[in-house]
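What follows is each chain in one-letter form.
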Amino acid sequence: AQTVTQSQPEMSVQEAETVTLSCTYDTSENNYYLFWYKQPPSRQMILVIRQEAYKQQNATENRFSVNFQKAAKSFSLKISDSQLGDTAMYFCAFIAYSGAGSYQLTFGKGTKLSVIP
Amino acid sequence: DAGVIQSPRHEVTEMGQEVTLRCKPISGHNSLFWYRQTMMRGLELLIYFNNNVPIDDSGMPEDRFSAKMPNASFSTLKIQPSEPRDSAVYFCASSFPGGGQETQYFGPGTRLLVL
């Protein structure tokens, strides 16, 4: 079974600064996908960024980027130029699709990020 | 494009009553997932369907919970009888797996309060 660990239950960052959220995972799968989801106070789960394990290039989406270290099984999220609207819970998620409709998927416990004005 | 649609958005009921949560996945998606989120246990996968067939229901907490997907555009999660410990936010998500489309898109959730 795979596990996803987010070691930082809470973090804070000054507005306009950069913050990095950590995520480590453990799996025996070779083909999998990693995601960061954001959950603001509205409780909506919003996809922030995704990374395919077979791609070496780190994914980026505007101010959001990841540092994917496959050998170390690490998948951190960097938020640049933090904005007040980034205040939310951030969940790291792992999905391995085994074919024939079979998934292995796991979410981390989340990191609560507060952006301070 | 419409996202995943869930109803009701909020539900307050009394212990012992039947509760039915509804989900309409994104058109064209063939996998559907039901999650439960609580402060104590975080986000838990309850069950998921592929092409309307339940693939893994090992996360369903007990026999009081049941889920169906009668067609590609509709699923229900039923709790009968409901208990106060079922109070949580229930999410439905859908995806189109294969070819790099494993991303799950979540609905807005149903906040359930069982008194």
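Quick notes on the rules
Residues numbered from 1 in each chain as written. Chains lettered and ligands numbered in written order. Predicted model: local features only at pLDDT ≥ 70, side-chain atom pairs only at ≥ 80, totals over all residues. Heavy atoms only, no water. Pairing = 2+ DSSP bridges. Helix = DSSP H or I, 4+ residues; strand = E, 2+ residues; numbered from the N terminus. Axes fitted to C-alpha atoms, helices over the stretch in contact; angles between N-to-C directions. Phe/Tyr/Trp six-rings, centres within 6.5 Å; stacked < 30°, edge-to-face > 60°. Buried < 20%, exposed > 50% of the residue type's maximum accessible area, 1.4 Å probe, protein only. Polar contact = N/O pair within 3.5 Å; in protein donor to acceptor, adjacent residues only side chain to side chain. Contact = heavy atoms within 4.5 Å. Salt bridge = Lys/Arg side-chain N within 4 Å of Asp/Glu carboxyl O. 1 Å grid on protein atoms, 1.4 Å probe; cavity = no way out; pocket = protein on both sides within 12 Å on 5 of 7 lines; lining within 4 Å. Points joined across faces, edges and corners; volume = space filled by probe spheres on them. Nonpolar A, V, L, I, M, F, W, Y, C, P; charged D, E, K, R; others polar.

A. Spatial organisation of the sheet that holds strand β1 (residues 5-7) of chain B. All names here are of chain B. Read across the sheet, four strands follow the order β1-β3-β8-β7 without closing on themselves; strand pairing throughout is antiparallel. Of all the strands in the sheet, the pair left with one neighbour each is β1 and β7 (65-71). The average undirected angle you get between the axes of adjacent strands in this sheet is 15°. For β1 and strand β3 (residues 19-24), the ladder comprises three bridges, and the chain directions are antiparallel. Counted as the bridge partner of Ser7 is Arg22 from β3.

B. Seen up close, the packing of aromatic side chains. If you walk through the whole model with that rule in mind, you get 14 aromatic pairs over all chains. Ring geometry for B:Phe91 against B:Phe106: centres 6.1 Å apart, planes inclined by 80°, an arrangement best described as edge-to-face. Of the two residues, B:Phe91 sits in strand β9 (residues 88-95) while B:Phe106 sits in strand β10 (residues 105-106), which places them 15 residues apart along the sequence. As far as burial versus exposure is concerned, B:Phe91 and B:Phe106 are alike and both buried. Ring-pair connections join several aromatic residues into one group, and the members of that group are A:Phe35, A:Tyr37, A:Phe107, B:Phe33, B:Tyr35, B:Tyr48, B:Phe91 and B:Phe106.

C. Seen up close, the side chain of B:Gln37. One can find B:Gln37 in strand β4 (residues 31-38). In terms of polar contacts, B:Gln37 uses its side chain to reach the side chain of A:Gln39, at 2.8 Å. Leave out the neighbours within four places in its chain, and B:Gln37 touches A:Gln39, A:Arg43, A:Phe91, B:Gly42, B:Leu43, B:Ala88, B:Val89 and B:Phe91.

D. A look at the pattern of salt bridges. By the definition in use, this model includes twelve salt bridges over all chains. The closest approach of N and O atoms between A:Arg50 and A:Glu52, which form a salt bridge, is 2.9 Å. Taking the relative accessible area as the measure of exposure, A:Arg50 reaches 17% and is therefore buried. Note on A:Glu52: relative accessible area 11%, which makes it buried. For B:Lys78, the salt bridge is made with B:Glu18, and the minimal N-O distance between the two is 3.8 Å. Of this pair, B:Lys78 sits in strand β8 (residues 74-79) while B:Glu18 sits in the loop between β2 (10-13) and β3, and the two are 60 residues apart along the sequence. The structure contains a network of salt bridges with shared partners spanning B:Glu62, B:Arg64, B:Glu83, B:Arg85 and B:Asp86.

E. Up close: the environment of A:Glu17. All names here are of chain A. Turning to its location among the elements, Glu17 is positioned in the loop between β2 (10-14) and β3 (19-21). Separated by 99 residues in the primary sequence, Glu17 and Ile116 place their C-alpha atoms 9.8 Å from one another. Setting aside its immediate chain neighbours within four residues, Glu17 contacts Ile79, Ser80, Asp81 and Ser82.

F. Focus on the layout of surface pockets. Estimates place the volume of the largest pocket at around 520 Å³. Surrounding the largest pocket, 20 residues form its lining, A:Met89, A:Phe91, A:Lys109, B:Gln37 and B:Met39 being those nearest its centre. Breaking the lining of the largest pocket down by element, the ones donating at least two residues are β10 (88-99) and β12 (111-116) of chain A together with β4 of chain B. Its residues placed into classes, the lining of the largest pocket shows nine nonpolar, six polar and five charged. Roughly 240 Å³ of volume is contained in the second largest pocket. The set of elements that each furnish at least two residues to the lining of the second largest pocket consists of β11 (102-107) of chain A together with β5 (42-50) of chain B. By residue number, the principal contributor to the lining of the second largest pocket is β5(B), which donates five residues. For the lining of the second largest pocket, the residue count by class is seven nonpolar, four polar and four charged.

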